[in-house]
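Close look at the chain arrangement
For reference, the chains in residue letters:
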Amino acid sequence: MEIAINQVYKSFLLNGEKIPVLDNISLTVPHGQCTALLGPSGCGKSTLLSMIAGFYPPDSGSITTTGKVSLCMQKDMLLPWRDLLANVCLPVEINDRGELAAAKERAKSYLPLFGLEGFAHSYPSQLSGGMSQRAALLRTLMAGGDFWLLDEPFAKLDALTREEMQSWLLGIIQRFQPGVLLITHDSEEAIKLAEQIHVLSRRPASLIATFTPPAAGDENGISLLKEQIHHCLAING
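Report follows, based on the coordinates. (Residues numbered from 1 in each chain as written. Predicted model: local features only at pLDDT ≥ 70, side-chain atom pairs only at ≥ 80, totals over all residues. Heavy atoms only, no water.)

In an α-helix there are 3.6 residues to a turn, and that puts residues three or four apart on one side. All of the buried residues in helix α4 (residues 100-110) are Leu 100, Ala 103, Ala 107 and Tyr 110. Down the axis of α4, the smallest arc covering the buried residues is 70°, so these residues share one side. As for α4, its buried residues are in contact with α2 (84-88), α3 (90-95), α5 (129-142) and α6 (159-176). (Buried < 20%, exposed > 50% of the residue type's maximum accessible area, 1.4 Å probe, protein only. Helix = DSSP H or I, 4+ residues; strand = E, 2+ residues; numbered from the N terminus. Arc of directions from axis to C-beta. Contact = heavy atoms within 4.5 Å.)

Time to look at α5. Compared with the 20 Å implied by 1.5 Å per residue over 14 residues, the 20 Å span of α5 between its first and last C-alpha is a close match. Where burial is concerned, most of α5 is hidden: 13 out of the 14 residues are buried. At the exit of α5 stands Gly 144, carrying a positive phi of roughly 80°. (Expected span 1.5 Å × (residues − 1).)

One way to see where empty space is left: roll a probe the size of a water molecule over the atoms. The computed volume of the largest pocket comes to approximately 490 Å³. For the largest pocket, the lining is made up of 21 residues, of which Glu 188, Glu 189, Ile 191, Lys 192 and Ile 222 are closest to its centre. Looking at the lining of the largest pocket, the elements with two or more residues in it are α6, α7 (187-193) and α8 (219-236). Counting residues per element, the lining of the largest pocket draws most heavily on α6, at 6 residues. Its residues placed into classes, the lining of the largest pocket shows 9 nonpolar, 3 polar and 9 charged. Each pocket or cavity is described by its volume, and for the second largest pocket that value is around 280 Å³. Residue lining of the second largest pocket: Ser 70, Leu 71, Met 77, Leu 79, Asn 87, Leu 90, Pro 91, Ile 94, Ala 136, Arg 139, Thr 140 and Ala 143, and that is the complete set. Those elements that place two or more of their residues in the lining of the second largest pocket are β5 (69-72), α3 and α5. (1 Å grid on protein atoms, 1.4 Å probe; cavity = no way out; pocket = protein on both sides within 12 Å on 5 of 7 lines; lining within 4 Å. Points joined across faces, edges and corners; volume = space filled by probe spheres on them. Nonpolar A, V, L, I, M, F, W, Y, C, P; charged D, E, K, R; others polar.)

Position of Gly 144 among the secondary structure elements: in the loop between α5 and β6 (147-151). Sequence separation of Gly 144 and Pro 91 is 53 residues, and the distance between their C-alpha atoms is 8.6 Å. Every residue in contact with Gly 144, bar those within four places of it in the chain, is listed here: Lys 68 and Ser 70.

This is the structure:
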């Protein structure tokens, strides 16, 4: 299974003017590993993610997905009138209510793994930012996607919580082995989580470089990669 993006162009009309957003993007997201899409804010990363999710088509080119996708946005999007268990099981409730009871039991079994044990019947207003984001990621898992599309899932968190969440997410990815497309503008996050990093230019975004991060613990290799990424972004970002 994979997500194949081939020569994709996208533009939008704004006040009658055509605004180019994506310029000839081609890349592949394999199943079973994390791929990061790194680029400056506003370059079109989230637009590409939304297109993969099927919200709108490319102007030209193609996006082909063999497998089901689940989307996790920057905001946790938890419904304030539903408790945590009802929120994370919402995709199942929408798609197949006959499976809802079994899904709730499955979700309960995942709560300790997601750091949410004891909060099944808590409401979003009673959860911390990190807990809310873990709940959103559990909802992504419960949606049953072969691929998880993660749009800067930790961008709203403080630095310490964000670092903790990155380590936690790495374990979750290793446990469930989905294909992951991670949108980020944080090079350290991309290097820590991804097995391949695609770097985009400023809008209209084009693919300017692809990197394979070194093994964890290779501090010299990681430092060199950070310099290479920052150099790419300084020239094209």
